[in-house]
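Architecture at a glance
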Amino acid sequence: MARTARVSSGAAHQDCPRCGAPVWRQLVGRMAALNVVADRVPLPLDDALALASPNRLVWCAADLYGGGTDLRWLHMNGLPCPHQHVVDHECPEGTPPGRRPEGTLW
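An account of the accompanying structure is given in this report.

Conventions we followed
- Residues numbered from 1 in each chain as written.
- Predicted model: local features only at pLDDT ≥ 70, side-chain atom pairs only at ≥ 80, totals over all residues.
- Heavy atoms only, no water.
- Pairing = 2+ DSSP bridges.
- Helix = DSSP H or I, 4+ residues; strand = E, 2+ residues; numbered from the N terminus.
- Axes fitted to C-alpha atoms, helices over the stretch in contact; angles between N-to-C directions.
- Patch = residues over 30% accessible without salt bridge, like charges linked within 9 Å, V, L, I, M, F, W, Y side chains within 5 Å.
- Areas by Shrake-Rupley, 256 points an atom, 1.4 Å probe, with all protein chains shown as cover.
- Salt bridge = Lys/Arg side-chain N within 4 Å of Asp/Glu carboxyl O.
- Core = buried A, V, L, I, M, F, W, Y, C linked by side-chain atoms within 4.5 Å.
- Buried < 20%, exposed > 50% of the residue type's maximum accessible area, 1.4 Å probe, protein only.
- Contact = heavy atoms within 4.5 Å.
- Phe/Tyr/Trp six-rings, centres within 6.5 Å; stacked < 30°, edge-to-face > 60°.
- Lys NZ or Arg CZ within 6 Å of the ring centre and 35° of its normal.

**A few points about the sheet that holds strand β5 (residues 69–73)**
- In spatial order, the strands read β5-β4-β6; together these three strands make up an open sheet with antiparallel pairing. Sheet topology places β5 and β6 (84–87) at the edges, where each strand pairs with a single neighbour. Averaged over all neighbouring strand pairs, the angle between strand axes comes to 40°, with direction disregarded.
- For strand β4 (residues 58–63) and β6, the ladder comprises four bridges, and the chain directions are antiparallel. Its bridge partner lying in β6, alanine 61 is registered against glutamine 84.

Now the structure itself:
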């Protein structure tokens, strides 16, 4: 019996447990999904692509009907993308390794 794929209900607002920055968290994809943690600051596509690397992907941040945001694969098909864009989160250089103690700002 085949299992139906779960449909995303959008990205969750969270704070990075290491540096405290505001991030989106979402499981993106149906078959081989990625657990995405992306900066919550939207960027123009060209600026987002400038920050991209093999380990730092760019995502479309599409508005959902009824509120919320859905992170989607960025399709570079030559057509203009009408959505905002975000990049995978990277903690700032100098952030101590490991999780912040609960309730601390740094």
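**Digging into a nonpolar patch on the surface**
- Together, Leu34, Leu57 and Trp73 make up an exposed nonpolar region whose accessible area comes to about 240 Å².
- By the secondary structure assignment, tryptophan 73 is in strand β5.

**As for the nonpolar core**
- Residues Ala11, Trp24, Val28, Val36, Ala38, Trp59, Ala61, Leu71 and Val86 constitute the largest nonpolar core, which totals nine residues.
- Within the residue set of this core, elements represented by two or more residues are β2 (22–28), β3 (34–39) and β4.
- Discounting chain neighbours no more than four positions away, the residues touching tryptophan 24 are Ala11, Ala12, His13, Val36, Val37, Ala38, Asp39, Arg40, Thr69, Leu71 and Val86.
- One finds Ala48, Cys60, Leu74 and Val87 within the second-largest nonpolar core, a separate group that totals five residues.

**Some words on the packing of aromatic side chains**
- Scanning all chains against the criterion turns up one aromatic pair.
- Ring centres of tryptophan 59 and tryptophan 73 lie 4.9 Å apart, and the angle between their planes is 50°; this geometry places the pair in the tilted category. Of this pair, tryptophan 59 sits in strand β4 while tryptophan 73 is found in strand β5, placing the two residues 14 residues apart along the sequence.
- A relative accessible area of 1% means that tryptophan 59 is categorised as buried.
- Its guanidinium or amino end placed over the ring of tryptophan 24, arginine 40 lies 5.7 Å from that ring's centre, counting from NZ or CZ.

**Looking at the pairing of β2**
- Sheet analysis places strand β1 (residues 12–15) next to β2, joined by four bridges and oriented antiparallel. Its bridge partner being in β2, histidine 13 is matched across the sheet by tryptophan 24.
- The sheet contact formed by β2 and β3 spans six bridges and is antiparallel. Opposite valine 28, over in β3, you have leucine 34 as the bridge partner.
- In this antiparallel pair of consecutive strands, β2 and β3, the connection spans five residues, and glycine 29 shows a positive phi of 115°.

**A look at the pattern of salt bridges**
- Tallying each qualifying case throughout the model produces four salt bridges.
- A salt bridge links arginine 56 to glutamate 90; the nearest nitrogen and oxygen atoms lie 3.9 Å apart. One end of the pair, arginine 56, is in the loop between α1 (45–51) and β4; the other, glutamate 90, is in the segment after β6, with 34 residues separating them in the sequence.
- Classification of arginine 56 by relative accessible area gives buried; the value is 10%.
- With its nearest N and O atoms 3.0 Å apart, the salt bridge here joins aspartate 70 to arginine 72.

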